[in-house]
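Chain by chain, the residues:
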Amino acid sequence: QVQLVESGGGLVQAGGSLRLSCIASGTIFGPSVMGWYRQIPGKQRELVATSTTGGPTNYADSVKGRFTISRDNDKNTVNLQMNSLKPEDTGVYYCHLRRIIGGREYWGQGTQVTVSS
C-alpha cells in the first residue's frame, strides 16, 4: 500500500506563486509515474503535470511555462512549483502515483489552491 500526503496549498493573489509538495510512503518499488492533477469547480479532474521514473515530464498546455514539476526518487517526493498563478488555476490539487508495472494507482487527499483576482 502507498500513502500520499500533500502540503503547500493556500490562498494567493493572481501573479503570485505557490509550491506544492507530496511525499509517498509505504511499499514503493519499481518505476512509476508521479504527478499532480486538479479538480476545478464544475469540471472533471484533469492532469496538471507528471514525472516518469527515468523518463520525461509532461504538462498540461494551460500550465506550460508557469509550472515546474520536480521529483526526488530517493526521498519519494514530488513537488510542483507554480508561478504566475491565475484565478482559473483555483481548485483542489491531488498528488497521484501510478505503478508502471501493474498499473495500480494511488491518490492523495488533495490540497486547496485559491488564486484571487
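The text that follows walks through the structure, step by step, so that each part is easy to find. The structure displayed is predicted, hence computed values, not measured ones.

## Section: the packing of aromatic side chains
Argument step 1. Counted under the stated rule, the structure contains two aromatic pairs.
Argument step 2. Relative to Trp107, the ring of Tyr94 has its centre 6.4 Å away and its plane inclined at 90°; by these criteria the two rings are edge-to-face. In this pair, Tyr94 sits in strand β9 (residues 91-99) while Trp107 sits in strand β10 (residues 105-107), placing the two residues 13 residues apart along the sequence.
Argument step 3. Given a relative accessible area of 14%, Tyr94 falls into the buried group.
Argument step 4. Residue Trp107 is classed as partly exposed on the basis of its relative accessible area of 35%.
Argument step 5. Joined through ring pairs, the aromatic side chains of Tyr37, Tyr94 and Trp107 make up one cluster.
Argument step 6. The ring of Tyr94 has Arg45 lying over it, and the distance from NZ or CZ to the ring centre is 3.7 Å.
Argument step 7. A cation sits over an aromatic face here: Arg45 above Trp107, 4.6 Å from the ring centre.

## Re the sheet that holds strand β3 (residues 18-26)
Argument step 1. Strand order in the open sheet formed by four strands is β1-β3-β8-β7, and the pairing between neighbours is antiparallel. Taken across any chain shown, the strands that pair with only one partner, and hence form the sheet edges, are β1 (2-7) and β7 (67-72). Neighbour to neighbour, the strand axes of the sheet diverge by 15° on average, direction disregarded.
Argument step 2. Pairing geometry for β3 and strand β8 (residues 77-82), over six bridges, is antiparallel. Bridging across to β8, Leu20 finds its partner in Leu80.

Calculation notes
- Residues numbered from 1 in each chain as written.
- Predicted model: local features only at pLDDT ≥ 70, side-chain atom pairs only at ≥ 80, totals over all residues.
- Heavy atoms only, no water.
- Phe/Tyr/Trp six-rings, centres within 6.5 Å; stacked < 30°, edge-to-face > 60°.
- Helix = DSSP H or I, 4+ residues; strand = E, 2+ residues; numbered from the N terminus.
- Buried < 20%, exposed > 50% of the residue type's maximum accessible area, 1.4 Å probe, protein only.
- Lys NZ or Arg CZ within 6 Å of the ring centre and 35° of its normal.
- Pairing = 2+ DSSP bridges.
- Axes fitted to C-alpha atoms, helices over the stretch in contact; angles between N-to-C directions.

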